[in-house]
Amino acid sequence: MLVFAFAVSAAFCLGIGFVLQQNAAQRAPMSDFLSLRLLLDLVRMPRWRAGIGMMVCGMALGAVALGQGEVSLVEPLLATNLLFAMALSRRQTRQPLGRTGWGGLWLLAGGVAAFILAGRPHGGATVTDPLRHWLIIGVMVGGALALAAISKRVRMSVEAPMLGVAAGLLYGVQDALTRVSGERLSEHGWTAFFLSWQPYGVLVLGVTALVFVQSAFETAPLRLSLPALTAAQPLAGIACGVGFLGDRLHTSPGALAWEAAGLVAIVTGIVLIGRHPAMPSGSSPSDRIRDLQPH
């Protein structure tokens, strides 16, 4: 129950933090797109700082949950951050949920429950083959960087979800490395922790994903970027958990069918919630064009 409590608390902080960040990021100049300068501009905004504070709290709670439970269990629970983002957005916009909103909420919640109950994630022997570690991490990180590079060449309505997926892939790998870092700290102490590469990987992935997320938030409405991020992160985390962290899922035909149905329901629910009118919109295209013009 502690894992559930920490993971859902983390999802609450992340969902609220994402909405506050997007409220601020939509006012950032487009000249800072996919640049560290974007973070320097945003840090001057109180609302963005509040959003980052909530996100840091969410990541800390998520790290505790990952230290107590398997990545394959925690990641679907973290995906419920969209429920809390929807709650705050609905309060801001005063939009009724309607059938689409309620359908998305039930699909997301039901999908998480179906995946966890059918898969019953549990720990196993960590895979020691370094080639397998680097292959899975390389595919995730390489895919994220490729999406970010391609996003510069497509229209704004497409680049936001692409950057959301890219950030989600990085956050999924970051969660897996957070689990490894926590295990190393608890088993071998602070010296081994600081001498290993995983904590520094967590930091680099976090900063890179943050730039991707804020760039997505400044270019398009939240409904285009946050669902893509929220869907990609648990899928990447589960792939890492099963791929090299030793997480085990039930693999009977019935269990696999329910696990697949749960993941499909999670993604579908995320998309429905993300497209709901209650999710806040970004700045208008004319505003973004003016940001690029010299003053």
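The preceding data block contains the structure.
Before going into details, it helps to say that this report is about the structure given with it. Quantities reported herein were computed from a predicted structural model and do not represent experimental measurements.

The next subject is the pattern of salt bridges. Going through the model one piece at a time under the given rule, you end up with three salt bridges. A salt bridge links Arg179 to Glu183; the nearest nitrogen and oxygen atoms lie 2.9 Å apart. A residue pair is termed a helical-turn pair when its members lie 3 or 4 positions apart in one helix, as Arg179 and Glu183 do in helix H8 (residues 156-195) at four residues. By relative accessible area, Glu183 is classed as partly exposed at 29%. Arg179 is paired through a salt bridge with Asp247; the nearest N and O atoms lie 3.6 Å apart. In this pair, Arg179 is assigned in helix H8 and Asp247 in the loop between helix H10 (222-244) and helix H11 (253-274), connecting sequence segments 68 residues apart. Linked by salt bridges that have partners in common, Arg179, Glu183 and Asp247 make up one network.

Right, let's get into the nonpolar core. Grouped together as the largest cluster of nonpolar side chains are 73 residues, with contacts concentrated most on Tyr171 and Phe212. Apart from residues lying up to four places away in sequence, Tyr171 is in contact with Met55, Met59, Gly206, Ala209, Leu210, Val213, Leu229 and Gln233.

Criteria and cut-off values
- Residues numbered from 1 in each chain as written.
- Predicted model: local features only at pLDDT ≥ 70, side-chain atom pairs only at ≥ 80, totals over all residues.
- Heavy atoms only, no water.
- Salt bridge = Lys/Arg side-chain N within 4 Å of Asp/Glu carboxyl O.
- Helix = DSSP H or I, 4+ residues; strand = E, 2+ residues; numbered from the N terminus.
- Buried < 20%, exposed > 50% of the residue type's maximum accessible area, 1.4 Å probe, protein only.
- Core = buried A, V, L, I, M, F, W, Y, C linked by side-chain atoms within 4.5 Å.
- Contact = heavy atoms within 4.5 Å.

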